[in-house]
Amino acid sequence: MPTTPAAVTRLIEELAELPGIGRKTAARLTFFLLRNQSGLAERLSDALRELKERTRFCSVCHNITEDDPCPVCADPARDRSTICVVEEPLDVLAIEQAGVYKGIYHVLHGVLAPSEGVFVENLRISELMARARDSGVEEIILATNPTSEGDWTASYLLTQLRPLDVRVTRLGRGLPVGGDLEYADAVTLSRAMEGREEI
Ligand SMILES: [Zn+2]
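Figured I'd write up the structure that's included with this text. All of these numbers come straight from a predicted model, not from anything done at the bench. (Residues numbered from 1 in each chain as written. Predicted model: local features only at pLDDT ≥ 70, side-chain atom pairs only at ≥ 80, totals over all residues. Heavy atoms only, no water.)

## Overview of the coordination of the zinc ion
Definition in use: Donor atoms are limited to N, O and S found within 2.8 Å of the metal ion, a distance that becomes 3.2 Å for Na, K and Ca. With water left out, some sites might look partial. Geometry assignment treats four donors as tetrahedral when all angles are between 85 and 135 degrees, treats four as square planar and six as octahedral when opposite donors are over 155 degrees apart and all others between 65 and 115, and treats everything else as irregular. Each residue is placed in one exposure class: buried if its accessible area under a 1.4 Å probe, protein chains only, is under 20% of its type's maximum, exposed if it is over 50%, and partly exposed if it falls in between.
Within the protein, the zinc ion binds to Cys 58 (SG), Cys 61 (SG), Cys 70 (SG) and Cys 73 (SG); these donor distances fall in the range 2.3 Å. Geometry at the zinc ion is tetrahedral, judged from its four donor atoms and the angles of 105 to 116° they form at the metal. Counting the intervening residues between successive donors of the zinc ion yields the motif C-x2-C-x8-C-x2-C. Of the two residues examined, Cys 58 and Cys 61, each falls in the buried class.

This is the structure:
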């Protein structure tokens, strides 16, 4: 009985741990890489190594960055009195591309989802609370996605932020309900940012 080389089995197992990739897809990707002649496997392995070696989390906003603090936090032209709270680094990218926001960010790295094992302590919530207590902060924009988990996370954050001397706002209407911020176009995102309302 022929056996699969250990290196092949290992890659299949590692790839299968990625979200959205089952064992079947992992096996298909592995054999694709094995047959590929253009050096894709080598480039991919370099890219993966660089990802961990060259990037880290910003110690201020927790966005992914090559330099700490990240370019946004280090930029003296940004308005430090306003913090926009988002779920993922890709949301920062989407808002930056819309080009209407001049404040700084806070990346939670997910949303509250107890059924999936994501609790308050798994997100960068205590770090947000510490920043919100800073006297220079005047407004916190809750820009979690307009999904049930995103709304629920925003409600939780509101209860925590309410006692503090800070204005809490939520992005305005117009964002597709159930959708992700990162997929909203720049015009919609700009409008939602400008139309934000105190909650
Ligand atoms: Zn930062």
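## A few points about the pairing of strand β4 (residues 103–107)
The criterion, for reference: To qualify as a helix, a DSSP run of H or I must reach at least 4 residues; to qualify as a strand, a run of E must reach at least 2; elements of each kind are numbered from the N terminus. Whether two strands pair comes down to DSSP finding at least two bridges between them. The handedness of a crossover follows from its direction of travel: if, with the strands pointing away from the viewer, the path from the first strand over the helix to the second runs clockwise, the crossover is right-handed.
Burial runs high along β4: five of the five residues are buried. For strand β3 (residues 79–86) and β4, the ladder comprises five bridges, and the chain directions are parallel. Bridge pairing in β4 links Ile 83 to Ile 104. Note on the crossover from β3 through helix α5 (residues 89–98) to β4: the handedness is right-handed.

Honestly, it's all geometry; don't read function into it.
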